[in-house]
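Here's the letter readout for the chains.
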Amino acid sequence: MTPVIETIETILVDLPTIRPHKLSMTTMACQTMVIVRMRHSDGIEGLGEGTTIGGLAYGPESPESIKRNIDTYLAPILVGQPSGNVHTMRARLNGHVRGNNIAKSALETALLDAQGKRLGLSLAELLGGARQTHLPVLWTLASGDTRKDIDEALSRLDQRRHCDFKLKIGSNPLDQDVRHVAAIKEALGERASVRVDVNQAWDERTAVRGIQLLQEAGIDLIEQAIPAREHAGLIRLANRFNVPMLADEGVQDARDALDLVCGGFSGAFALKISKSGGIYSALEVAHVAQAAGIGLYGGTMLEGTIGTAASLHAWATLPEMGWGTEMFGPLLLKDDIVVEPLNYHEFGVEMPMAPGLGITLDEEKLAHYSRK
Ligand SMILES: [Mg+2]
């Protein structure tokens with residue numbers, strides 16, 4: 001008998017971060033994740049995670065809205081349906097619910113995790129097989145303090161934990177941000193690649209001035225300098241400068257990717273399963289990029305271990321991540337809710353190999369950090 005989806009439970013989990021994490025729109029001291037437990041009639045449980053950053057400061061979905069919308073609108077569409085056909089379940093969700101990409105991503109992950117466990121295949125195997133199982137991982141320096149950031153970077157280099165660093169800028173006046181970035185690049189020199197993420201904070205005029213200075217300071221990559229919807233502006237910046245642009249918030253799905261490519265964009269795309277609405281949609285962005293000769297970068301919404309593992313399985317199926325990944329979410333958290341954490345070493349992380357996501361929940365920790 002074909003198994004069906006029996007119940008879908010959502011749990012808000014609040015985990016403290018190891019230090020304040022300063023972004024252009026907010027400062028985080030805690031990360032909230034929505035954990036999905038999807039139980040099937042054959043006794044298998046699929047896990048998923050829906051996570052965003054900064055409440056509603058970053059985007060239109062908050063942890064609370066993700067939970068409420070899954071409970072009220074998305075779960076009832078799936079419960080009672082056959083478990084094994086992920087594409088049909090994606091079509092059902094997209095047919096009944098607009099937007100809510102982070103919620104959809106969490107559910108798709110849970111479906112794939114269950115199917116992998118059912119078939120005895122890792123999620124990457126379910127997607128056709130891994131081309132690589134150790135993926136490079138950068139670290140984001142975002143303490144808000146130049147000296148602390150330099151010390152943090154040097155210790156990560158010495159531990160062989162990370163050799164690429166991303167700085168979150170855009171909340172301070174331009175000259176102050178540039179001084180901060182240039183000081184860090186100078187301190188690290190050729191030992192490390194230094195990139196910046198402006199998280200849409202600049203207008204195009206400010207971006208032209210800022211990118212010129214950052215290019216002169218030896219910065220390797222400029223992420224989403226201007227607002228997401230300003231595709232034409234991003235294309236102009238890509239054509240104007242030698243330092244490559246990384247589109248993040250501006251490339252949510254394959255349609256955005258196609259628009260940017262057709263408009264003459266060059267540089268790189270940040271892939272994120274959460275912003276695209278799941279692994280398959282994120283891989284569609286990757287395929288447009290590959291066809292157009294655009295670089296790939298594995299992005300994070302600062303997910304915990306479950307969301308990070310799901311992304312790793314997806315990125316592992318791609319032939320090359322030219323700009324590496326930022327799948328460091330679990331390292332920013334003081335504790336975890338899984339039995340075996342991900343294995344970070346040699347400037348990267350190992351994809352888990354067990355069936356499905358390869359992740360087991362620690363029930364005690366989960367209960368401890370669940371919002372009461
Ligand atoms: Mg970004």
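This is a predicted model, so every value here is computed, not measured.

Asks: Describe the overall build of the protein chain, listing the residues and the values that go with them.
Replies: The helix and strand tally for the protein chain stands at 13 helices and 13 strands. In terms of overall size, the protein chain behaves like a compact globule, its C-alpha atoms giving a radius of gyration of 20 Å where 372 residues would be expected to give roughly 21 Å. Overall, the C-alpha framework of the protein chain stretches about 65 × 45 × 35 Å when taken along its three principal axes. Within the protein chain, the fraction of its 372 residues that count as buried is 57%. Surface accessibility of the protein chain: about 14,500 Å² in total, with carbon and sulfur atoms responsible for 49%. Charge separation in the protein chain, taken as the distance between the mean sites of 36 positive and 46 negative side-chain charges, equals 3 Å.

Asks: Let's hear about the pairing of strand β3 (residues 45–51): which residues, and what values?
Replies: A large share of β3 lies buried, amounting to 7 of its 7 residues. Across the two faces of β3 the burial is the same, with E45, L47, E49 and T51 and G46, G48 and G50 all buried. Sheet topology places strand β2 (residues 27–40) next to β3; 7 bridges connect them, and they run antiparallel. Bridge assignment links R39 to a residue of β3, and that residue is E45.

Asks: So, the packing of helix α8 (residues 231–240) against helix α9 (residues 254–262): which residues are in play, and what are the values?
Replies: Two numbers describe how α8 lies on α9: the axes approach to 10 Å, and their chain directions differ by 50 degrees. The orientation of α8 with respect to α9, classified from their angle, is oblique. Judged by the sense of rotation from one axis to the other, the crossing of α8 with α9 is right-handed. Counting all contacts with α8, which are made through H231, L234 and I235, the residues of α9 involved are D256, D259 and L260. The residue inventory of the contact of α8 with α9, partitioned by class, reads 3 nonpolar, 1 polar and 2 charged.

Asks: A description of the sheet that holds strand β4 (residues 134–136) should follow, citing residues and the corresponding values.
Replies: Strand order in the open sheet formed by 3 strands is β4-β13-β12, and the pairing between neighbours is antiparallel. Two strands in the sheet have a free side with no partner beyond their single neighbour: β4 and β12 (344–345). Where β12 meets strand β13 (residues 348–350), 2 bridges bridge the pair, whose relative direction is antiparallel. By the bridge assignment for β13, H345 is matched with G348.

Asks: Residues and numbers for the environment of V243, please.
Replies: Relative to the helices and strands, V243 resides in the loop between α8 and β9 (245–247). In this structure, V243 is in contact with I211, Q215, I219, D220, L221 and I222, ignoring residues within four places of it in sequence.

Asks: Please set out the coordination of the magnesium ion residue by residue, giving values where relevant.
Replies: The protein atoms that coordinate the magnesium ion are D197 (OD), E223 (OE) and D248 (OD), at distances of 2.1 to 2.3 Å. Each donor residue of the magnesium ion belongs to the same chain, and together they define the spacing D-x25-E-x24-D. On the criterion of sequence distance, the pair formed by D197 in strand β7 (residues 193–197) and E223 in strand β8 (residues 222–223) is long-range, its members being 26 residues apart. For the pair shown, D197 and E223 are each scored as buried.

Asks: Can you break down the domain arrangement of the protein chain residue by residue, with the values?
Replies: Examined at the domain level, the protein chain breaks down into domain 1 (5–124 + 362–369) and domain 2 (126–350). For domain 1 and domain 2, the distance between their C-alpha centroids amounts to 23 Å. The interface is formed by 44 residues belonging to domain 1 together with 54 residues belonging to domain 2. Around 3,900 Å² of area is buried between domain 1 and domain 2 when both sides are counted, 62% of it from carbon and sulfur atoms. Taken together, the connections running from domain 1 to domain 2 amount to 2 salt bridges. Element by element, the count of residues in the side of domain 1 that touches domain 2 is highest for helix α3 (residues 101–119), at 10 residues. Residues of the side of domain 1 that touches domain 2, tallied by class, amount to 22 nonpolar, 14 polar and 8 charged.

Asks: Account for the pattern of salt bridges, naming residues and giving values.
Replies: A complete count under the given rule lists 25 salt bridges for this structure. Between E108 and R90 there is a salt bridge, with the nearest N and O atoms lying 3.2 Å from each other. Taken together, the residues E108 in helix α3 and R90 in helix α2 (residues 86–96) connect sequence positions 18 residues apart. With respect to class, E108 is no different from R90; both count as buried. Between R209 and D175 there is a salt bridge; the shortest N-O distance is 3.8 Å. Here the residue R209 occupies a position in helix α7 (residues 204–216), and D175 occupies one in helix α6 (residues 174–188), the gap between them amounting to 34 residues.

Analysis parameters
- Residues numbered from 1 in each chain as written.
- Predicted model: local features only at pLDDT ≥ 70, side-chain atom pairs only at ≥ 80, totals over all residues.
- Heavy atoms only, no water.
- Helix = DSSP H or I, 4+ residues; strand = E, 2+ residues; numbered from the N terminus.
- Rg over C-alpha atoms; globule rule 2.2 N^0.38 Å.
- Buried < 20%, exposed > 50% of the residue type's maximum accessible area, 1.4 Å probe, protein only.
- Areas by Shrake-Rupley, 256 points an atom, 1.4 Å probe, with all protein chains shown as cover.
- Lys, Arg positive; Asp, Glu negative; His and termini not counted.
- Charge placed at Lys NZ, Arg CZ, Asp CG, Glu CD.
- Pairing = 2+ DSSP bridges.
- Axes fitted to C-alpha atoms, helices over the stretch in contact; angles between N-to-C directions.
- Parallel < 35°, antiparallel > 145°, perpendicular 65-115°, else oblique.
- Left-handed = near helix turned anticlockwise from the far one by under 90°.
- Contact = heavy atoms within 4.5 Å.
- Nonpolar A, V, L, I, M, F, W, Y, C, P; charged D, E, K, R; others polar.
- Donors = N, O, S within 2.8 Å, 3.2 Å for Na, K, Ca; no water.
- Domains from an automatic or database assignment.
- Buried area = accessible area lost by both parts, 1.4 Å probe.
- Salt bridge = Lys/Arg side-chain N within 4 Å of Asp/Glu carboxyl O.

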